[in-house]
Amino acid sequence: MDETEFWEIIDSTREAAEGDPEEHADLLVERLMRLDPDSLLDFARHFEARYNRAYRWDLWGAAAVLLGGASDDAFDYFRCWLIAQGREVFEGAVHDPDALAELLDDFDEELDGDGEELGYAADEAYEQLTGVVAPDLGLPPQPSEPAGTPFGFDDDTALAERFPALWERFGPV
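Residues numbered from 1 in each chain as written. Predicted model: local features only at pLDDT ≥ 70, side-chain atom pairs only at ≥ 80, totals over all residues. Heavy atoms only, no water.

Caption draft 1: Expanded view of the overall build of the protein chain. Per the secondary structure count, the protein chain includes 10 helices and 0 strands. The N-to-C order of helical and strand elements in the protein chain reads α-α-α-α-α-α-α-α-α-α. What you see for the protein chain is a C-alpha radius of gyration of 16 Å, in line with the 16 Å of a compact globule of 173 residues. Each of the three principal axes of the protein chain carries a C-alpha extent, and together these read 50 × 35 × 25 Å. Sequence-distant contacts in the protein chain: of pairs separated by 6 or more residues, those separated by 24 or more amount to 74%. With an accessible surface of roughly 9000 Å², the protein chain has 44% of that area assigned to carbon and sulfur atoms. (Helix = DSSP H or I, 4+ residues; strand = E, 2+ residues; numbered from the N terminus. Rg over C-alpha atoms; globule rule 2.2 N^0.38 Å. Contact = heavy atoms within 4.5 Å. Areas by Shrake-Rupley, 256 points an atom, 1.4 Å probe, with all protein chains shown as cover.)

Put into structure tokens, the structure is as follows:
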């Protein structure tokens, strides 16, 4: 599976789910189960590589603005959700997290930003398809610390300065 096919699967299932992350995860599992096991593992590798690539302090800060704070788990689920938004949003956010202010049409804190189930879709599909747990994907593990320079997410002034467009559009009122 190449990168284009990976993003086509993400996009088609997201569009069919009409933005509902849980429905997106269910549709993604159904779609992945139509693949052969090797292609399904390729999809999982693409997903995991992007998940690890998004492990960045600046994206964590953007998640904190959007979510009104972001614990370790919340940031993990945010990265899954971010991948599920498609190539343009994902790549734009990795390049410049503040660009999410322009890349996102809307953001509903109650519905958006939490793609926990999306992170399990490939494993679930593989297990249902083959009857066994997915093997190790052979990718390097996630680094112990996010990439970039750490900063405090508790400081509203620092978040507003670092992410002016996001703060203006999605920050606390």
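Still more to cover.
Caption draft 2: A look at the packing of aromatic side chains. For the structure on display, the rule yields 14 aromatic pairs. Ring centres of Trp7 and Phe90 lie 6.0 Å apart, and the angle between their planes is 40 degrees; on these two criteria the pair is classed as tilted. With Trp7 in helix H1 (residues 3-17) and Phe90 in helix H6 (residues 87-95), this pair connects stretches of sequence that are 83 residues apart. Take Trp7 and Phe90: they sit in the same class, and that class is buried. Over the face of the ring belonging to Tyr51 we find Arg79, whose NZ or CZ atom lies 3.8 Å from the ring centre. (Phe/Tyr/Trp six-rings, centres within 6.5 Å; stacked < 30°, edge-to-face > 60°. Buried < 20%, exposed > 50% of the residue type's maximum accessible area, 1.4 Å probe, protein only. Lys NZ or Arg CZ within 6 Å of the ring centre and 35° of its normal.)

Caption draft 3: Quick peek at the environment of Leu28. On the secondary structure map, Leu28 appears in helix H2 (residues 21-32). We classify Leu28 as buried; its relative accessible area is 0%. Setting aside residues no more than four positions away along its own chain, Leu28 makes contact with Ile9, Thr13, Phe43, Leu118 and Ala121.

Caption draft 4: View of helix H8 (residues 116-130). Its 15 residues place the ends of H8 23 Å apart at the C-alpha level, agreeing with the 21 Å of an ideal helix rising 1.5 Å per residue. Considering bend angle alone, the principal kink of H8 is centred on Ala122 and spans about 35 degrees. Taken from the residues just after H8, Gly131 is the one with a positive phi, measuring 85 degrees. (Expected span 1.5 Å × (residues − 1). Bend = angle between axes of the 7 residues up to and from the residue.)

Caption draft 5: Quick peek at the nonpolar core. Membership of the largest hydrophobic core comes to 56 residues, with the highest contact counts inside it found for Leu32, Phe43, Phe78, Leu82, Leu100 and Leu166. No other element matches helix H4 (residues 57-67), which puts 9 residues into this core. When near neighbours in sequence (up to four residues on either side) are disregarded, Leu32 contacts Ile9, Leu40, Phe43, Ala121, Ala122 and Ala125. (Core = buried A, V, L, I, M, F, W, Y, C linked by side-chain atoms within 4.5 Å.)

Caption draft 6: Inspection of the side chain of Ser39 at higher detail. Mapped onto the elements of the fold, Ser39 is located in helix H3 (residues 37-53). Side chain to side chain, Ser39 and Asp36 meet in a polar contact 2.9 Å long. (Polar contact = N/O pair within 3.5 Å; in protein donor to acceptor, adjacent residues only side chain to side chain.)

Caption draft 7: Quick look at the environment of Thr13. Summarising the element assignment, Thr13 is placed in helix H1. In this structure, the C-alpha to C-alpha distance between Thr13 and His24, residues 11 residues apart in sequence, is 5.9 Å. In this structure, Thr13 is in contact with His24, Leu27, Leu28 and Arg31, ignoring residues within four places of it in sequence. In this structure the side chain of Thr13 is engaged in a polar contact, spanning 2.9 Å, whose partner is the side chain of His24.

Caption draft 8: Structural context of the pattern of salt bridges. For the structure on display, the rule yields 7 salt bridges. The partner of Arg50 in a salt bridge is Glu3, and the shortest N-O contact between them spans 3.0 Å. Taken together, the residues Arg50 in helix H3 and Glu3 in helix H1 connect sequence positions 47 residues apart. On the basis of relative accessibility, which here comes to 28%, the residue Glu3 falls in the partly exposed class. With its nearest N and O atoms 3.0 Å apart, the salt bridge here joins Arg56 to Asp58. Residue Asp58 is classed as buried on the basis of its relative accessible area, which comes to 13%. The structure contains a network of salt bridges with shared partners spanning Glu3, Arg50 and Arg87. (Salt bridge = Lys/Arg side-chain N within 4 Å of Asp/Glu carboxyl O.)

Purely spatial values, then, with no claim about function.
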